[in-house]
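Understanding the architecture of this molecule
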Amino acid sequence: MDKPKRASDTPFGVVVKAGNAYFWCACGLSETQPFCDGSHKDTGFSPVRFDATEDDKVFFCGCKATANQPLCDGSHNN
């Protein structure tokens, strides 16, 4: 697998808690989008860790084309 599967045409808005780690699905195969469920096994992809530094709402990329992994950079509009 050389390209990730597009999981969504829009980002996933998630309320995160300070001090928690979140693992974003980079392959697009996870059934628990935007988070990893281990579906990347044998794909060459690995989840991307996001450490929340404050309680906030962040937007995780759904199209898997962002240059700012794991956060949305608007690439889904292209």
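Numbering of residues starts from 1 in every chain and runs along the sequence as written. Selection of residues for local features in this predicted model requires a pLDDT of at least 70, selection of side-chain atom pairs for listing and counting requires 80 or more, and totals for whole chains, interfaces and linings are taken over all residues. Heavy atoms throughout the structure, all of them, feed into the side-chain values; hydrogens and water do not.

Below, the discussion takes up the overall build of the protein. The secondary structure listing takes helices from DSSP runs of H or I that are at least 4 residues long and strands from runs of E that are at least 2 residues long, numbered from the N terminus. Across its full length, the protein holds zero helices and four strands. Each helix and strand of the protein, placed in order from N terminus to C terminus, yields the pattern β-β-β-β. The size measure is the radius of gyration over C-alpha atoms, and the globule rule it meets is 2.2 Å times the number of residues to the 0.38 power. Computed over its C-alpha atoms, the radius of gyration of the protein comes to 12 Å, within 12% of the 12 Å expected for a compact globule of 78 residues. In terms of principal-axis extent, the alpha carbons of the protein reach across some 35 × 30 × 20 Å.

This part takes up the nonpolar core. One recurring pattern in soluble globular proteins is that nonpolar side chains are buried together. Counting 15 residues, the largest nonpolar core has Val16, Tyr22, Trp24, Phe50 and Phe60 as the members making the most contacts within it. Elements supplying a minimum of two residues to this core: strand 1 (12-16), strand 2 (21-24), strand 3 (48-51) and strand 4 (56-60). We call two residues in contact when some of their heavy atoms are within 4.5 Å. With residues up to four places along the chain from it excluded, the contact list for Tyr22 reads Val15, Val16, Lys17, Phe35, Val48, Arg49, Phe50, Ala52 and Phe60. By nonpolar core we mean a set of buried residues, namely Ala, Val, Leu, Ile, Met, Phe, Trp, Tyr and Cys, connected to one another through side-chain atoms within 4.5 Å. Buried, partly exposed and exposed residues are distinguished by accessible area as a fraction of the type maximum, computed with a 1.4 Å probe on protein chains only: under 20%, between the cut-offs, and over 50%, respectively.

Working definition: a ring pair exists when centres of Phe, Tyr or Trp rings (six-membered ring for Trp) sit within 6.5 Å. Plane angles under 30 degrees give stacked, over 60 give edge-to-face, the rest tilted. One pass over the full model with this rule turns up three aromatic pairs. Judged by centre distance (5.3 Å) and plane angle (70 degrees), the ring pair of Phe35 and Phe60 falls under edge-to-face. You can see Phe35 sitting in the loop between strand 2 and strand 3 and its partner Phe60 sitting in strand 4, a full 25 residues away along the chain. Phe35 gets classed as partly exposed once you look at its relative accessible area, which sits at 22%. What links up through ring pairs into an aromatic cluster is the set Tyr22, Phe35, Phe50 and Phe60.

Mapped onto the secondary structure, Cys63 falls in the segment after strand 4. Along the backbone, Cys63 and Trp24 are 39 residues apart, and their C-alpha atoms lie at a distance of 12 Å. The contact partners of Cys63, leaving out residues within four places of it in the chain, are Arg6, Ser8, Ser75 and His76.

Structural measurements only, silent on function.
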